[in-house]
There are 2 protein chains.
Amino acid sequence: MATLKDIAQRVGVSVTTVSRVLNGKGSISWETKDKVFEAIEELDYHPNEMARSLVNRNSHLIGLIVPYIDHAFFSTLTAAVEDACYNAGYKLLLCASGGQGDREREQLTTLRSNNVAGVLVCSRQESAPLETVDMPKVSIERTIEGVPSVSCDNYQGGVLAAQELLASGCKAPLLLGNRIISMYLPAYLRYQGFLETCQKAGVACGEYYIDAEDLFGKDLENDLQRAKERFPETDGIFATSDILAARIQSASQDLFPEWGVPLIGFDGVDVSEYCNISTVAQPVCEMGQLAVKLLIDRINGEEVPESSILPVSFIRRGSSGYME
Amino acid sequence: MATLKDIAQRVGVSVTTVSRVLNGKGSISWETKDKVFEAIEELDYHPNEMARSLVNRNSHLIGLIVPYIDHAFFSTLTAAVEDACYNAGYKLLLCASGGQGDREREQLTTLRSNNVAGVLVCSRQESAPLETVDMPKVSIERTIEGVPSVSCDNYQGGVLAAQELLASGCKAPLLLGNRIISMYLPAYLRYQGFLETCQKAGVACGEYYIDAEDLFGKDLENDLQRAKERFPETDGIFATSDILAARIQSASQDLFPEWGVPLIGFDGVDVSEYCNISTVAQPVCEMGQLAVKLLIDRINGEEVPESSILPVSFIRRGSSGYME
């Protein structure tokens, strides 16, 4: 088997130089690097330390797939996941699927071929590609049979939002959210909790759904126009994310200054604070930390609970108009 | 040298099973996997395909270090970088330094030992650790001698902000931003552009600096209180980031309802839109794309410009109070 010395002789440099190239240390010209790598291939040299990492059972790489990195909920979650990885001695390979199933599938393959020890996925796909991947995995805000999942208590969140609007005296509340494409998205439960609480109180509730994948509410002005035509009597809105709530508040100021109804968001991310919007707060940091902990437990071959549901809390601000 | 067959015999399974373990395919028990990996280590087996990737000159991994992932500017930038990496066939290893030099240094070492092909760094350190790292690198919003950098035209941004406040009739504008710790942070130029433009117009300008690392303005209420005591005549504010501007707007509503002065932010991230704040927009997506392109050029051994400065634009919204 070839040694460092064989390589050095072949290239005509010192063993130290070859070692430096392999370890990426010191200043070596590209020409020399190329020659060293060519010799390594020709002589079929297997550097020991590198080879050792190959058969290492744990690469200490964790893959995370989120739909969008620049959406406030997912950027907060990604920050929490990265921090938890760092504290546990893991590195984070980050992928954004853009909510596209094909891309998600491709990214799972790429992550596996990069030898990740496990993956965390926030999938919005009807049929989650994650299901078919045979490696340690944890799902966030998505239920997949046989895959441990972490989510917040969405149902209770919907209940809290409804209770706040009802306590504010709303007689015609409106649920405005992204169309739920899959019953396996726990966010479905926040709709249910809201609708059932209104129903129990004998209050008829409007429902308006925007494009399932338009998480940023890019076409919201048109949607608001239509929602208002359909539910002109609306006197309170539950927007199913803070981003949507912020957009509704901003668009309403220009388009419908008369529509200054109580407004409640969901997520509890910074933007709700900046915009002074009441919201149902998910424990996003805890969710990210727990997801990483569960994944590392799985990587270490331990059993973990199939479903972890963390509590939500209500943050009252200026937008909900309810005075105690 | 050991072969697949040797391993299979040692463990007492088929060659196919060993191959599946190595390639991570099929459903193999953890017990068998463990045995196969033990045999691999004992027999000092070097799987060819894996070994080949070792001497591969390009891992197609790019490291990105940002101070905070959940800060709107950096999450928008990270999203753009991830997308550009994906389109170029690269994977992104993401690190958040929390603005701490030690952590940044450690992360650079980790990234190198994970064989990244190159790194992108948004450093806020006085003495940037990046300087000492010998691998392809590009700096974003930070000037380091000998390292290609990408930034926006910060000086012109400061000029635009000043011009807007002056055109709104401000006689006592206030610059409110994070204390600049290093002249190598191009953001310094946005302060300069603002102050010099006010000076040229013969308008005296207040300056209030908050903690250099408090990019989220966590203690802003106290800072605002002090700024108001020091500059009571303030009739217009240039906040040097959208996050700060949003926090100022939100805090002012509660604390100083009488302080409804024109307000201008910087960055052009979503939050400025939600909060209806006029802002100097950085071309964040283009900056991320360009940084990835330059880094890949460097990885391929090509020359790239030392400094790339992209144009800014002004977005007028309700907060600047200027009517044409």
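Shown above is the structure to which this text applies.
**With respect to the overall build of chain A**
Phase 1: Per the secondary structure count, chain A includes 12 helices and 12 strands.
Phase 2: For chain A, with 324 residues in total, the buried portion stands at 58%.
Phase 3: Put simply, of all contacts in chain A between residues at least 6 apart along the chain, 72% involve residues at least 24 apart.
Phase 4: When the accessible surface of chain A is split by element, carbon and sulfur atoms take 47% of a total near 13500 Å².
Phase 5: Side chains of chain A give 28 positive and 44 negative charges; the mean places of these two sets differ by 5 Å.

**With respect to the side chain of Ser123 of chain A**
Residue and element names in this part refer to chain A.
Phase 1: Within the secondary structure layout, Ser123 lies in the loop between β3 (118-121) and β4 (137-140).
Phase 2: Exposure remark for Ser123: the relative accessible area of 3% places this residue in the buried category.
Phase 3: A polar contact of 2.8 Å, which involves the side chain of Ser123, links it to the side chain of Glu104.

**Describing the packing of aromatic side chains**
All names here are of chain B.
Phase 1: The final tally for this structure, using the stated rule, is 10 aromatic pairs over all chains.
Phase 2: For the ring pair Phe238 and Phe266, a centre distance of 6.3 Å and an interplane angle of 55° mean the geometry is tilted. With Phe238 in strand β8 (residues 236-239) and Phe266 in strand β9 (residues 263-267), this residue pair connects regions lying 28 residues apart in the sequence.
Phase 3: Looking at Phe238, the relative accessible area reads 0%, which means it is buried.

**Remarks on the pattern of salt bridges**
All names here are of chain A.
Phase 1: Taken as a whole and judged by the stated rule, the model has 16 salt bridges over all chains.
Phase 2: In this structure, the salt-bridge partner of Arg190 is Glu141, at a minimum N-O distance of 3.7 Å. With Arg190 in helix α8 (residues 187-200) and Glu141 in the loop between β4 and β5 (149-152), the pair connects residues that are 49 residues apart, well separated along the chain. Neither Arg190 nor Glu141 differs from the other in exposure class; each is buried.

**Topic: the interface of chain A and chain B**
Phase 1: Contacts between the two partners involve 57 residues from chain A and, on the opposite side, 56 residues from chain B.
Phase 2: Carbon and sulfur atoms supply 56% of the area that chain A and chain B bury against each other, a total of about 5200 Å² over both sides.
Phase 3: At the surface where chain A touches chain B, the tally comes to six salt bridges.
Phase 4: One salt bridge in this structure joins Glu82 of chain A and Arg103 of chain B, with 3.7 Å as the shortest N-O distance.
Phase 5: Taken together, the elements giving at least two residues each to the side of chain A that touches chain B come down to α3 (30-42), α4 (48-54), α5 (72-87), β2 (91-96), α6 (101-113), α10 (242-255), α11 (270-274) and α12 (284-299) of chain A.
Phase 6: Here the residues of the side of chain A that touches chain B are counted per class, giving 27 nonpolar, 14 polar and 16 charged.
Phase 7: Two strands pair when backbone bridges link them, and β2 of chain A and strand β2 (residues 91-96) of chain B are joined in this way by three bridges, in the antiparallel orientation. Within β2 of chain B, the residue paired with Leu93 of chain A across the bridge is Leu93 of chain B.

**Regarding the relation of the copies chain A and chain B**
Phase 1: Placing chain A over chain B gives an RMSD of 0.2 Å and needs a rotation angle of 180°, together with 0.1 Å of translation along the axis. Considering both components of the superposition, the chain copies are consistent with a two-fold axis. Closest to the rotation axis within chain A is the C-alpha of Leu93 of chain A, separated from it by 2.2 Å.
Phase 2: Both copies contact each other with a shared surface, as 98% of the interface residues of chain A are interface residues in chain B too.

**Section: the nonpolar core**
Phase 1: Judged by nonpolar contacts, the single largest core of 98 residues is most densely connected at Ile62 and Leu120 of chain A together with Ile62 and Leu120 of chain B.
Phase 2: Ignoring anything within four residues of it in the chain, the contact list for Ile62 of chain A reads Cys85, Tyr90, Lys91, Leu92, Leu93, Val116, Gly118, Leu120, Leu295, Ile296 and Ile299 of chain A.
Phase 3: In this structure, Ala239 and Val271 of chain A together with Ala251 and Ile277 of chain B belong to the second largest nonpolar core, which totals 48 residues.

**A look at the sheet that holds β9 of chain B**
Residue and element names in this part refer to chain B.
Phase 1: Spatial ordering of the open sheet is given by β7-β6-β8-β9-β10-β12, a layout of six strands whose pairing is mixed. The open sheet is flanked by β7 (206-210) and β12 (313-315), the only strands paired with a single partner. Averaged over all neighbouring strand pairs, the angle between strand axes comes to 20°, with direction disregarded.
Phase 2: For strand β6 (residues 173-178) and β7, the ladder comprises five bridges, and the chain directions are parallel. Across the sheet, Asn178 pairs through a bridge with Ile210, a residue of β7.
Phase 3: Against the sheet, helix α7 (residues 154-167) engages β6, β8, β9, β10 (278-281) and β12, with an angle of about 165° to β9.

**So, helix α1 (residues 4-11) of chain B**
Residue and element names in this part refer to chain B.
Phase 1: Residues of α1 that are buried include every one of Ile7, Ala8 and Val11, and no others. Angularly, the buried residues of α1 cover 100° about the axis, an arc narrow enough to put them on a single face. In α1, the exposed residues that point more than 90 degrees away from the buried face are Lys5 and Gln9.
Phase 2: In the stretch just after α1, Gly12 is the one whose phi turns positive, near 85°.

**Quick look at unusual backbone geometry**
Residue and element names in this part refer to chain A.
Phase 1: A positive phi angle, close to 65°, is found at Asn115, a residue other than glycine.
Phase 2: Looking at the element boundaries, Asn115 is found in the loop between α6 and β3.
Phase 3: Positive phi values are uncommon outside glycine, yet Asn276 reaches one of about 60°.
Phase 4: With relative accessibility at 24%, the residue Asn276 sits in the partly exposed group.

**A few points about the pairing of strand β11 (residues 307-310) of chain A**
Residues and elements named next belong to chain A.
Phase 1: Covered by surrounding structure in β11 are Ser308 and Leu310 only, the residues Ser307 and Ile309 on the alternate face being uncovered.
Phase 2: Bridging between β5 and β11 involves four bridges; their strand directions are parallel. Bridge pairing links Val150 to Ser308 in β11.

**Observations regarding a negative patch on the surface**
All names here are of chain A.
Phase 1: Negative charge collects at one region of the surface, where Asp211, Asp219, Glu221 and Asp254 lie side by side.
Phase 2: Inspection of the secondary structure assignment puts Asp211 in the loop between β7 (206-210) and α9 (220-230).
Phase 3: With a relative accessible area of 53%, Asp211 lands in the exposed category.

**Here's the deal with the packing of α1 of chain B against helix α3 (residues 30-42) of chain B**
Residues and elements named next belong to chain B.
Phase 1: Two numbers describe how α1 lies on α3: the axes approach to 9 Å, and their chain directions differ by 125°. Viewed along their axes, α1 and α3 adopt a mutual orientation that is oblique. In this structure, α1 meets α3 at a crossing whose hand is right-handed. When α1 is examined against α3, the residues Ile7, Arg10 and Val11 are found in contact with a partner set consisting of Lys35, Val36, Ala39, Ile40 and Glu42.
Phase 2: Of the residues belonging to the contact of α1 with α3, the class tally is five nonpolar, no polar and three charged.

**Details of the packing of α7 of chain B against helix α8 (residues 187-200) of chain B**
All names here are of chain B.
Phase 1: Running from N to C, α7 and α8 point in directions that differ by 40°, and their axes come no closer than 6 Å. Regarding the angle of α7 to α8, the classification is oblique. Considering only the axes of α7 and α8, their crossing is right-handed. Listed contacts from α8 to Asn154, Tyr155, Gly158, Val159, Ala161, Ala162, Gln163, Leu165 and Leu166 of α7 are Ala187, Leu189, Arg190, Gln192, Gly193, Phe194, Glu196, Thr197, Cys198 and Lys200.
Phase 2: Of the residues contributing to the contact of α7 with α8, the split by class is 10 nonpolar, six polar and three charged.

Cut-offs and rules
- Residues numbered from 1 in each chain as written.
- Chains lettered and ligands numbered in written order.
- Predicted model: local features only at pLDDT ≥ 70, side-chain atom pairs only at ≥ 80, totals over all residues.
- Heavy atoms only, no water.
- Helix = DSSP H or I, 4+ residues; strand = E, 2+ residues; numbered from the N terminus.
- Buried < 20%, exposed > 50% of the residue type's maximum accessible area, 1.4 Å probe, protein only.
- Contact = heavy atoms within 4.5 Å.
- Areas by Shrake-Rupley, 256 points an atom, 1.4 Å probe, with all protein chains shown as cover.
- Lys, Arg positive; Asp, Glu negative; His and termini not counted.
- Charge placed at Lys NZ, Arg CZ, Asp CG, Glu CD.
- Polar contact = N/O pair within 3.5 Å; in protein donor to acceptor, adjacent residues only side chain to side chain.
- Phe/Tyr/Trp six-rings, centres within 6.5 Å; stacked < 30°, edge-to-face > 60°.
- Salt bridge = Lys/Arg side-chain N within 4 Å of Asp/Glu carboxyl O.
- Buried area = accessible area lost by both parts, 1.4 Å probe.
- Nonpolar A, V, L, I, M, F, W, Y, C, P; charged D, E, K, R; others polar.
- Pairing = 2+ DSSP bridges.
- Least-squares fit on C-alpha atoms with pLDDT ≥ 70 in both.
- Core = buried A, V, L, I, M, F, W, Y, C linked by side-chain atoms within 4.5 Å.
- Axes fitted to C-alpha atoms, helices over the stretch in contact; angles between N-to-C directions.
- Arc of directions from axis to C-beta.
- Patch = residues over 30% accessible without salt bridge, like charges linked within 9 Å, V, L, I, M, F, W, Y side chains within 5 Å.
- Parallel < 35°, antiparallel > 145°, perpendicular 65-115°, else oblique.
- Left-handed = near helix turned anticlockwise from the far one by under 90°.

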